[in-house]
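Structural features, examined
Each chain is listed here by its residues.
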Amino acid sequence: MARSKSDDAEEIKEHAKLSKSTLNTGLKIFSYTKPYRTYYIVGMFFLILSTFTVMGLPYFLTGLTELALNKPFFVLGKNAQDALFIINDKFTVVKILMVILLLQAIASFLRVYTFSQATERTLADLRGAIYNKIITLPSPFFENNRIGELTSRLSSDVSNLQEVLSITIAEFFRQIFTFIIGFGLVLFISWKLMLWVLFTIPPLVIIAFFFGKKIKKIAKETQQILAKSGIIVEETFTAIAMVKAYTNENFESKRYKVAIKEVMKRAMKSAIFRGSFISFIIVGLFGILVFLAWKATGYVQTGDLNISDLLQFVFYSIFIGGSIAGLGENYGRIMLGLGATERISEILEYESETQIRVINPTKFEGKIEFKEISFSYPSRPELPVLNEINFTVQPGQKIALVGSSGAGKSTIIQLLLRNYPLNKGNILIDDKDFTAYDIQDLRANTAIVPQEVILFGGTIRDNICYGKLDATDEEILIAAKKANATEFIERFPEGLNTLVGERGLKLSGGQKQRIAIARAILRDPAILLLDEATSSLDAESEKLVQSALNALMEGRTTIIVAHRLSTIRNVDEIIVIDHGKIAEKGTHQELSNKENGIYNNLLRLQFSVN
Ligand SMILES: Nc1ncnc2c1ncn2[C@@H]1O[C@H](COP(=O)(O)OP(=O)(O)OP(=O)(O)O)[C@@H](O)[C@H]1O
Ligand SMILES: [Mg+2]
């Protein structure tokens, strides 16, 4: 689903070229295989062993034919003088064949096993490295990249690589060995016949190659159209409530029908091509085979070739043919894998913002100063969002940010969390430039209760614990109580162990917020950030959440973003933001006495609505 048209276009491009940089990045990723090199080397040994034993099979099988014709079987030689040894009974050959088969079985198993050991370990390391990289990247990265694409890098790109590392490379080498050995043997058996093969087969292969390319292109187009119809399915299923509410079942059904009809047409076109391809191959290939058989029997009649040699020739030719076909296919796969490594190493090369480590910060006092902050988001540098923002919050003080939607309130909170680099001005915490602190220590001293609380899949306990991973049950219960959450948690039969999140119980907005508050209480931060924490609640839940928040704010520096002015009467200072500027500043008393003040107007508006 995550694959898009552009993905495919990229894939084709990467298919086409093997540039130096692709190879370089590819090799960089292969450094992840380093710790497991021994496995690869051992695997390679078994690979060579199994290739050789397979190549021995036809040799001894045709030996059986010799014996069936009542002739002795000369091993490695044409006659009694130069033979390594001479076999006169079939049973010996059968025993040799059994040994070959056994060796082959053991070598094949060990090859797959050791290559898998190496690959799976390499990939586990790589997956971990990509994940760790992504979660330590700064926020703007996630705005510039679609989440779907990122997860696809973790899954499909790594899977591509998995195929390359575990199967393709091994196969590639096996096919090269098979080709070289087979070709040598065939030339040795009858170079005359081989010349005929070389005259006839390659032209067929070249035509088939271009034919195949065309078929692949059509198949890809079909895939793309299919993906488009998939989007309709995904959209309508996720927004099924909207489809029903607007009674658009008929509309969607038609839309889907049009899409799948298009898929069908494409598929039929591709079927015609595939059908002709198969006919062409059958006629071409068997035509050539008939021709070669005619030539070969001629050589047998003239005594240039004996029957068992002819049999060997056929066997090894089949091996060679198989290896050529396999080489083409695996070359494509290796190119795909290299494309994947390029996308993966692109991520690995970004600079991390944070580290994977245990955080043990020193506690802040909680004094915050914004000095001459002007800011625009990196994605839209031409659009000023904040303009000359100055304010100070003393340790333990509470301030509120109010102002119309889009004024820049949430942005102030984002900046304080160092989610974006500052453009101008600076922020002091406890009288020190906030970049002087380790970014994770800084964040560890804050807790945020957002408007839209997102719960992780897991239990209520897990979600509260997210604020302090090593919290005891008692601490969790105290936090839940302070957050006014015990009342509803206890009503669930499983209490704290109730599953929530996507697969669990659905909680109401107010319940989620109280869990988020409990989480923040557990964290016990010096600085508390509340972004419209009560705006989506009814009066009853608002009262509960508000009293929970009051408990949480106790003794902490707090910045509250509020739309409902009733919730911020008692704060130390209210800052009115208007179009990224501070328009008014003061206590509730001061601002509500201001004739024509923005705050005063807002207050009157909300009063009249209520
Ligand atoms: N990640 C972002 N990238 C680019 N622009 C953004 C980003 N986030 C917000 N903005 C823009 O910055 C401006 C201020 O947004 P902000 O979220 O701070 O407003 P707000 O005061 O919190 O509004 P609301 O009350 O609706 O939450 C808006 O014009 C918004 O479009
Ligand atoms: Mg906001």
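Residues numbered from 1 in each chain as written. Chains lettered and ligands numbered in written order. Predicted model: local features only at pLDDT ≥ 70, side-chain atom pairs only at ≥ 80, totals over all residues.

Some thoughts on the site of ligand 1
Around ligand 1 sit 13 residues, and of these Tyr 377, Ser 405, Lys 409, Ser 410 and Thr 411 come closest. Top contributing element to the shell around ligand 1 by residue count: helix α11 (residues 409–416), with three residues. Split into classes, the residues belonging to the shell around ligand 1 amount to three nonpolar, seven polar and three charged. (Near = placed C-beta within 6 Å. Helix = DSSP H or I, 4+ residues; strand = E, 2+ residues; numbered from the N terminus. Nonpolar A, V, L, I, M, F, W, Y, C, P; charged D, E, K, R; others polar.)

Thoughts on the domain arrangement of the chain
According to the domain assignment, the chain contains domain 1 (1–189 + 330–356), domain 2 (191–304) and domain 3 (368–609). On a C-alpha basis, the centroid separation for the pair domain 1 and domain 2 is 26 Å. (Domains from an automatic or database assignment.)

Quick notes on the packing of helix α3 (residues 37–68) against helix α6 (residues 147–189)
The interhelical angle for the contact between α3 and α6, taken along N-to-C directions, is 35 degrees, at an axis separation of 10 Å. The handedness of the crossing between α3 and α6 is right-handed. Facing Gly 43, Leu 47, Ile 48, Thr 51 and Met 55 of α3, the residues of α6 in contact are Ala 170, Phe 173, Arg 174, Phe 177, Thr 178 and Ile 181. Classifying every residue of the contact of α3 with α6 gives seven nonpolar, three polar and one charged. (Axes fitted to C-alpha atoms, helices over the stretch in contact; angles between N-to-C directions. Left-handed = near helix turned anticlockwise from the far one by under 90°. Contact = placed C-beta atoms within 7 Å.)

Details of the sheet that holds strand β14 (residues 581–586)
Paired through their backbone hydrogen bonds, the strands of a sheet run either parallel or antiparallel. Taken in spatial order, the six strands of this open sheet run β8-β11-β12-β5-β13-β14, and their pairing is mixed. Whereas interior strands pair on both sides, the edge strands pair on one side only; in this sheet they are β8 (446–449) and β14. Across this sheet, the average inter-strand angle for adjacent strands is 20 degrees, counted without regard to direction. (Pairing = 2+ DSSP bridges.)

Some remarks on the nonpolar core
Grouped together as the largest cluster of nonpolar side chains are 65 residues, with contacts concentrated most on Ala 400, Ile 464, Ile 517 and Ala 518. The leading source of residues in this core is helix α16 (residues 509–523), at seven residues. Sequence-distant contacts of Ile 464, that is, excluding residues within four places in its chain, are made with Ile 476, Ala 479, Ala 480, Ile 515, Ala 518, Arg 519 and Leu 522. (Core = buried A, V, L, I, M, F, W, Y, C linked by C-beta atoms within 7 Å. Buried ≥ 20, exposed ≤ 12 C-beta atoms within 10 Å, placed from the backbone.)

What to know about helix α17 (residues 539–553)
The α-helix winds at 3.6 residues per turn, so residues separated by three or four positions along the chain end up facing the same way. In this model α17 runs 20 Å from its N-terminal to its C-terminal C-alpha over 15 residues, within 8% of the 21 Å that 1.5 Å per residue would give. Of the positions making up α17, those classed as buried are Glu 542, Leu 544, Val 545, Ala 548, Leu 549 and Leu 552. The arc that holds the buried residues of α17, viewed along the axis, is 160 degrees, so those residues lie on one side. Across from the buried face of α17, at angles greater than 90 degrees, the exposed residues are Ala 539 and Glu 540. Packing partners of the buried residues in α17 comprise α14 (473–482), α16 and β11 (527–531). Looking one or two residues beyond α17, the residue adopting positive phi is Gly 555, at roughly 75 degrees. (Expected span 1.5 Å × (residues − 1). Arc of directions from axis to C-beta.)

What about the packing of helix α4 (residues 90–135) against α6?
Relative orientation of the contacting elements α4 and α6 amounts to 160 degrees, with a least axis distance of 10 Å. Taken as axis vectors, α4 and α6 run roughly antiparallel relative to one another. Where α4 crosses over α6, the handedness of that crossing is right-handed. Facing α4, whose interface residues are Arg 111, Phe 115, Ser 116, Thr 119, Thr 122, Leu 123, Leu 126, Arg 127, Ile 130, Tyr 131 and Ile 134, α6 presents Leu 150, Arg 153, Leu 154, Val 158, Leu 161, Gln 162, Leu 165, Ser 166 and Ala 170. (Parallel < 35°, antiparallel > 145°, perpendicular 65-115°, else oblique.)

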